[in-house]
Amino acid sequence: MCMLRNIHKHPYHTVNHYGPNLKMTELDFTDLDHSVDPSLSSNLSKDLSGKTIVFSRYDEKSHIPIGKYGSQTALINPEAITPIKCIQEPTLVAAVDSSSIRIAETESGCLYAIKCGVAFATNGQPLMHFKLGPILFYLSEETVKKSELDYRIANLVLFDVEYAKRLIRIQIERAIQTYLSNHLSNSIILVDGSLNASPFENRGRNIKKIAENCSIRRNVLFGISKSTSFRVLSKISAALIQSANAAYMNIQVIIQSLSRTTIGDNFLVKFGSRDSPILRVDIACCDDLISHSLGKLVANDSVAGGYPETLRLAHHVSTLTNMEVSCLKAYLLSNFDITQLESEDIRKTLLGSITR
Amino acid sequence: MKVLSKNSDELVLLAMVSDIVRKGDYLLIEDEKLNRKMIVQIYDEDYLSSQTLIEDIVRDEVINASSAENLHDPLNIGKLSRMIRDARLFRTKIRGTIDTSGRMSSDFTWIPSRVQSKIRRLSIPELDDYVGRTGNFPIKIGKTRGDNEEFDIYADDLDGKLNIVTGKKECGKSHLAKILIKRLVEHGAFVVVFDLNDEYSGLAINHDGLPSSLADQIKVLQCGDGLTFSLKYCGKVAISNVLKNALDTPAASMREFFRIWDWLDNKDCLNIDAFGRAVNTWSVNELVRDALVSRFHIIQGSGLFLQNHGEGVRFENIFSKGTGAAIVVCMAKVTPIVRRMIVELILNKLVDLLENEIIPPIFLFAEEAHLYLRDTYWEDITSRMRHFGICPTFITNQPDAIGDVIYRQVDNIFLFNFTNDVDLDRISRVSLADNDTIRSIVKTLPHQHCLAIGKMVSDLPVVVEVAELETLALGETRKFFSRHVGHGF
């Protein structure tokens, strides 16, 4: 490793020194692991011994262990969980989801497509669903200038595709959620993800405003996350994992300590029986007892797979398919005065076809 | 439509729902840049399919089955998506290219541009122009499918040729045969029909019960009613062939038969009574006598021969008229052995008359040929028929009953619907068109539609909707329950 440091310190000298006469034996990287921060431990045998493990995958984010980690047993507190009982009270359940992708790029901006799904159910049966879109949005310096958002946030979306897609999704979902919260009453509105305020929200259509509308019209707003970045939650979920029936536990203290932008009350919920996943659920505007609202949700939406069917339907309805993407491209080519340029996958070109 | 891919002599074309063409249709692919044209025929169609497309369709169906859908699709992308789901692939066979002189050739050394090519449906008259298909004696057999234009074949292309009309039962084979016979007689041709179901006599009667325009030219013969011959007219060869091929007479008995025949001929008393007496009194081995006596009783019982020196049927009298004529030999009510005797006798006599140029060449229609086609003599006759001047047309629903020797001589096939793979295999193995075309098109042919293959269509298969018959069709299936319709059975 010392050699390596020297190379960095005196690049000109060392390049000349090693140059064309470089021999493999003159470079020594064996001390590489000692040259990084001590937090990046390399004593794997000591650190991993006796642990249970779930391997991560490149392409999928939300892998959870089937069963529980070994360390979870120590934290089980059966008294912390509350069972969920079905409350047979006819209530409309509405779920919203969306998906967005980048369709094309021009010299001055990017074109995005979004598709939304809104699904309704009551008495455990699906009622109907709305497929909204695909709708196209073009983000460029010109369009961003008109934004109500903070100019730094607005500019950020020009440089980062993921932020841009998130901006579009948040904007459209909030618009639909605002509409639903204004038009429904005594209903349950399900949102995919936590009830977090986002910098991409507009002032008039943000999660707080939606929660206010829900409160006025006696709607209950649920934010249901399929996965969470708070790893601590998986550690305290052992009691729920062992629960044979639907149950929930309050995690308000933990969430409030980790995030100040979350609204409503925060829970870990198991909607189904023994093998159902544990989900983080944020609940806002709930005048009744939490168990009452969860009971109404379980009774009015099918949660057979441990996840509300309306949200699942909304997700499937909102998924942009390859065919729709092809159709959008065909639509653009045939309806606008644009010229398609040939393109190449620079990553594949540089790294070769076997790269991931 | 666009060219999508090529494999050997096949082109795959991409088409949308708005492209209205069907299996069997011809398409002209014009490559404007190369200034060349290619003629292809659609033999199969399929959906444009990919794994993602199927997944999309399945997912949409599952979603729509679980919940009623409301769409808000401002860009109308759903319409495009539906178009793609309904997009079709046409598998076509390259039939030829058009050279600079505008004539068809088999130069497949180029492929049309995917980008520049324009594809359009080719009408049959246009196709005829390209291949130069023409003739002097048109036979209007129906309409081409799709553009509903009248479709003619030419009697010239049937003349001196071996033709087969085949397909499963009740699909219109006899119907087409009757059209062919009618038009041939109208053109002045002479036709002999072996009619197994007593249905061709209807050619003499119109739908309204009045005599048809051919009434005077149709001669219906049946056992006991006109179909009788004198032994002398039939001749030694014909009768001996009846004994040998139809009645399976042993060789030793045949030798005695020749002696008896010569003896009666020398005495100038060749009639059935004298023949019977001679057989019974002839000095010969008992076994031979028994064989000859038993054959004599069959011959006598058949009613085909005059008891004395009467005239009987003389083909040359019917076929020597200036106008065309058709002899319909009804074999509906005779036993299989008599049926074989009739066929053997008539064929031998016709060959004799043709060889001696007493009658002009004739067209022979053999209905349900599989019931009396026998390897022993038909194949021999078939292979030499055109030299005699007999142009046979076999009509059968059992393609496997016709031997390979006959199939190899075939010039034209009218192929009706077959769904059985074994039958299709048989046909496609020996037919004049490629296997893919036969299998795909024929399986989906509707009632009274046929695929015309062979010289009559310049070896370019054409799907034809067979025309209605102006005369009585007869030959329909007799049904028990049809008697009770309207009678409150």
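Residues numbered from 1 in each chain as written. Chains lettered and ligands numbered in written order. Predicted model: local features only at pLDDT ≥ 70, side-chain atom pairs only at ≥ 80, totals over all residues. Heavy atoms only, no water.

## A look at the overall build of chain B
Part 1 of the reasoning: In terms of helices and strands, chain B carries 15 helices and 19 strands.
Part 2 of the reasoning: Each principal axis of the C-alpha atoms in chain B carries an extent, and together these give about 105 × 65 × 45 Å.
Part 3 of the reasoning: Across the 489 residues that make up chain B, the buried fraction comes to 53%.
Part 4 of the reasoning: Across chain B, contacts joining residues at least 24 apart in sequence account for 72% of those joining residues at least 6 apart.
Part 5 of the reasoning: Split by element, the accessible area of chain B, about 22,200 Å² in all, is 49% carbon and sulfur.
Part 6 of the reasoning: Distance between charge centres in chain B, computed from 59 positive and 69 negative side chains, equals 2 Å. (Helix = DSSP H or I, 4+ residues; strand = E, 2+ residues; numbered from the N terminus. Buried < 20%, exposed > 50% of the residue type's maximum accessible area, 1.4 Å probe, protein only. Contact = heavy atoms within 4.5 Å. Areas by Shrake-Rupley, 256 points an atom, 1.4 Å probe, with all protein chains shown as cover. Lys, Arg positive; Asp, Glu negative; His and termini not counted. Charge placed at Lys NZ, Arg CZ, Asp CG, Glu CD.)

## Description of the domain arrangement of chain B
Residues and elements named next belong to chain B.
Part 1 of the reasoning: Per the domain assignment, the segments making up chain B are domain 1 (2-48 + 87-131), domain 2 (138-227 + 313-466) and domain 3 (231-302).
Part 2 of the reasoning: A straight line from the C-alpha centre of domain 2 to that of domain 3 covers 33 Å.
Part 3 of the reasoning: Of the roughly 1,300 Å² buried between domain 2 and domain 3, counting both surfaces, carbon and sulfur atoms make up 65%.
Part 4 of the reasoning: Area buried by domain 2 at its contact with domain 3 is led by M341, L345 and K349, which between them contribute 40% of it.
Part 5 of the reasoning: Counting the contacts that link domain 2 with domain 3 gives zero salt bridges.
Part 6 of the reasoning: The tally of links from domain 2 across to domain 3 stands at five residue pairs in polar contact (both at pLDDT 80 or more).
Part 7 of the reasoning: Elements with a contribution of two residues or more to the side of domain 2 that touches domain 3: α10 (315-318) and α11 (336-355).
Part 8 of the reasoning: Among the elements that line the side of domain 2 that touches domain 3, the one with the most residues is α11, at nine residues.
Part 9 of the reasoning: For the side of domain 2 that touches domain 3, the residue count by class is nine nonpolar, one polar and six charged. (Domains from an automatic or database assignment. Buried area = accessible area lost by both parts, 1.4 Å probe. Salt bridge = Lys/Arg side-chain N within 4 Å of Asp/Glu carboxyl O. Polar contact = N/O pair within 3.5 Å; in protein donor to acceptor, adjacent residues only side chain to side chain. Nonpolar A, V, L, I, M, F, W, Y, C, P; charged D, E, K, R; others polar.)

## Here we look at the interface of chain A and chain B
Part 1 of the reasoning: Contacts between chain A and chain B engage 22 residues on the former and 22 residues on the latter.
Part 2 of the reasoning: Summed over both partners, the interface of chain A with chain B buries about 1,900 Å², with 65% contributed by carbon and sulfur atoms.
Part 3 of the reasoning: Ranking the residues of chain A by area buried against chain B places H129, K131 and M323 of chain A at the top, with a combined share of 33%.
Part 4 of the reasoning: Ionic pairing is found between K131 of chain A and E69 of chain B, a salt bridge with its closest N-O pair at 3.4 Å.
Part 5 of the reasoning: Within the residue set of the side of chain A that touches chain B, elements represented by two or more residues are β4 (125-140), α12 (309-318) and α13 (322-335) of chain A.
Part 6 of the reasoning: Among the elements that make up the side of chain A that touches chain B, the one with the highest residue count is β4 of chain A (eleven residues).

## What about helix α9 (residues 286-302) of chain B?
All names here are of chain B.
Part 1 of the reasoning: Taking 1.5 Å as the rise per residue, α9 with 17 residues should run 24 Å; its terminal C-alpha atoms sit 24 Å apart, in good agreement.
Part 2 of the reasoning: Of all the positions in α9, only V288, R289, A291, L292, V293, R295, F296, I299 and S302 are classed as buried.
Part 3 of the reasoning: Next to the buried residues of α9 lie α6 (231-246), α7 (251-266), α8 (272-281) and α11.
Part 4 of the reasoning: Its side-chain oxygen at 2.6 Å from the backbone nitrogen of L287, N285 defines the N-terminal cap of α9.
Part 5 of the reasoning: Positive backbone phi, at 75 degrees, marks G303, one or two positions downstream of α9. (Expected span 1.5 Å × (residues − 1).)

## Comments concerning the confidence of the model for chain B
All names here are of chain B.
Part 1 of the reasoning: Within chain B, residue pLDDT values average 86, and 93% of them lie at 70 or more.
Part 2 of the reasoning: Mean pLDDT per element in chain B: helix α12 (residues 375-388) is the minimum at 68, and strand β2 (residues 10-15) is the maximum at 94.
Part 3 of the reasoning: Among the prediction metrics, the complex's ipTM stands at 0.72, with pTM recorded as 0.75. (pLDDT = per-residue confidence, 0-100.)

## Re the packing of helix α5 (residues 151-159) of chain A against helix α6 (residues 161-183) of chain A
All names here are of chain A.
Part 1 of the reasoning: Here α5 crosses α6 at 120 degrees, and the two axes come no closer than 6 Å. By the angle between their axes, α5 is oblique relative to α6. For the pair α5 and α6, the sense of crossing is left-handed. Mapping the contact onto sequence places L156, V157 and F159 in α5 and V161, Y163, A164 and L167 in α6. (Axes fitted to C-alpha atoms, helices over the stretch in contact; angles between N-to-C directions. Parallel < 35°, antiparallel > 145°, perpendicular 65-115°, else oblique. Left-handed = near helix turned anticlockwise from the far one by under 90°.)

## As for the packing of aromatic side chains
Part 1 of the reasoning: For the structure shown, the criterion picks out eleven aromatic pairs over all chains.
Part 2 of the reasoning: Plain terms: the ring middles of Y163 of chain A and F200 of chain A are 5.9 Å apart, the flat faces sit at 55 degrees to each other, and that makes the pair tilted. Here F200 of chain A lies in the loop between β5 (188-192) and α7 (207-216) and Y163 of chain A lies in helix α6, a separation of 37 residues in the sequence.
Part 3 of the reasoning: According to the relative accessible area criterion, Y163 of chain A is partly exposed, its value standing at 36%.
Part 4 of the reasoning: Its relative accessible area of 3% is what places F200 of chain A among the buried residues.
Part 5 of the reasoning: Ring centres 5.5 Å apart and planes at 85 degrees place the aromatic pair Y248 of chain A and F267 of chain A in the edge-to-face group. Here Y248 of chain A, found in strand β7 (residues 247-250), pairs with F267 of chain A, found in strand β8 (residues 265-270); they are 19 residues apart in sequence, far enough to count as distant.
Part 6 of the reasoning: Here a set of aromatic residues connected by ring pairs shows up, and it is made of F257, F258, W261, F275 and F296 of chain B.
Part 7 of the reasoning: A cation over a ring is seen here: K93 of chain B above Y43 of chain B, with NZ or CZ 5.3 Å from the ring centre.
Part 8 of the reasoning: Here the guanidinium or amino end of K349 of chain B rests over the ring plane of Y233 of chain B, the centre of that ring lying 4.3 Å away. (Phe/Tyr/Trp six-rings, centres within 6.5 Å; stacked < 30°, edge-to-face > 60°. Lys NZ or Arg CZ within 6 Å of the ring centre and 35° of its normal.)

## Re unusual backbone geometry
Part 1 of the reasoning: The linkage connecting G133 of chain A with the following residue, P134 of chain A, adopts the cis geometry, with an omega of 10 degrees.
Part 2 of the reasoning: Here P134 of chain A is to be found in strand β4.
Part 3 of the reasoning: Its identity as a non-glycine residue notwithstanding, D248 of chain B has a phi of 50 degrees, on the positive side.
Part 4 of the reasoning: Tracing the backbone through its elements, the reader meets D248 of chain B in the loop between α6 and α7.

## A word on the pattern of salt bridges
All names here are of chain B.
Part 1 of the reasoning: Counting across every chain of the model gives 37 salt bridges over all chains.
Part 2 of the reasoning: Close ionic contact of E45 with R88 constitutes a salt bridge, the shortest N to O distance being 3.2 Å. Placement of the pair is E45 in strand β4 (residues 36-47) and R88 in strand β6 (residues 88-98), with a sequence separation of 43 residues.
Part 3 of the reasoning: Relative accessible area serves as the criterion here: at 31%, E45 is assigned to the partly exposed category.

## Things to note about the sheet that holds strand β11 (residues 163-166) of chain B
Paired through their backbone hydrogen bonds, the strands of a sheet run either parallel or antiparallel.
All names here are of chain B.
Part 1 of the reasoning: The eleven strands lie next to each other as β10-β9-β19-β18-β17-β11-β16-β15-β12-β14-β13, forming an open sheet whose pairing is mixed. Looking at strand neighbours, the two that pair on one side only are β10 (150-154) and β13 (218-222), the edges of this open sheet. If you compare each strand with its neighbour and ignore which way they point, the axes differ by 25 degrees on average.
Part 2 of the reasoning: Sitting on the sheet, helix α15 (residues 435-443) touches β17 (412-415), β18 (449-454) and β19 (462-466), and the angle it makes with β18 is about 160 degrees. (Pairing = 2+ DSSP bridges.)

## Here's the deal with the confidence of the model for chain A
Residues and elements named next belong to chain A.
Part 1 of the reasoning: Taken residue by residue, chain A gives an average pLDDT of 80. The fraction at 70 or more is 76%.
Part 2 of the reasoning: Within chain A, the element-level pLDDT minimum falls on helix α1 (residues 2-9), averaging 40, and the maximum on α12, averaging 94.
Part 3 of the reasoning: Within the model, pLDDT remains below 50 along residues 1-16, and this stretch shows 13 contacts once partners closer than five positions in the same chain are excluded.

## Description of the nonpolar core
Residue and element names in this part refer to chain B.
Part 1 of the reasoning: Membership of the largest hydrophobic core comes to 85 residues, with the highest contact counts inside it found for F229, F305, F315, F319 and I346.
Part 2 of the reasoning: Each of domain 2 (138-227 + 313-466) and domain 3 (231-302) contributes no fewer than three residues to this core.
Part 3 of the reasoning: Core analysis: the second largest hydrophobic core is formed by 50 residues, Y130, L176, V193 and F365 among them. (Core = buried A, V, L, I, M, F, W, Y, C linked by side-chain atoms within 4.5 Å.)

## Things to note about α8 of chain B
All names here are of chain B.
Part 1 of the reasoning: What α8 keeps buried is the set I272, A274, F275, G276, A278 and V279.
Part 2 of the reasoning: Considering only its buried residues, α8 is in contact with α6, α7 and α9.
Part 3 of the reasoning: Among the residues of α8, the N-terminal cap falls to N271, whose side-chain oxygen and the backbone nitrogen of D273 are separated by 3.0 Å.

## Observations concerning the side chain of S117 of chain B
Residues and elements named next belong to chain B.
Part 1 of the reasoning: Position of S117 relative to the elements: it lies in strand β8 (residues 117-122).
Part 2 of the reasoning: By relative accessible area, which is 5% here, S117 ends up buried.
Part 3 of the reasoning: In this structure the side chain of S117 is engaged in a polar contact, spanning 2.4 Å, whose partner is the backbone oxygen of S113.
Part 4 of the reasoning: If near-sequence neighbours (up to four positions away) are discounted, S117 is found in contact with K2, I29, E30, D31 and P112.

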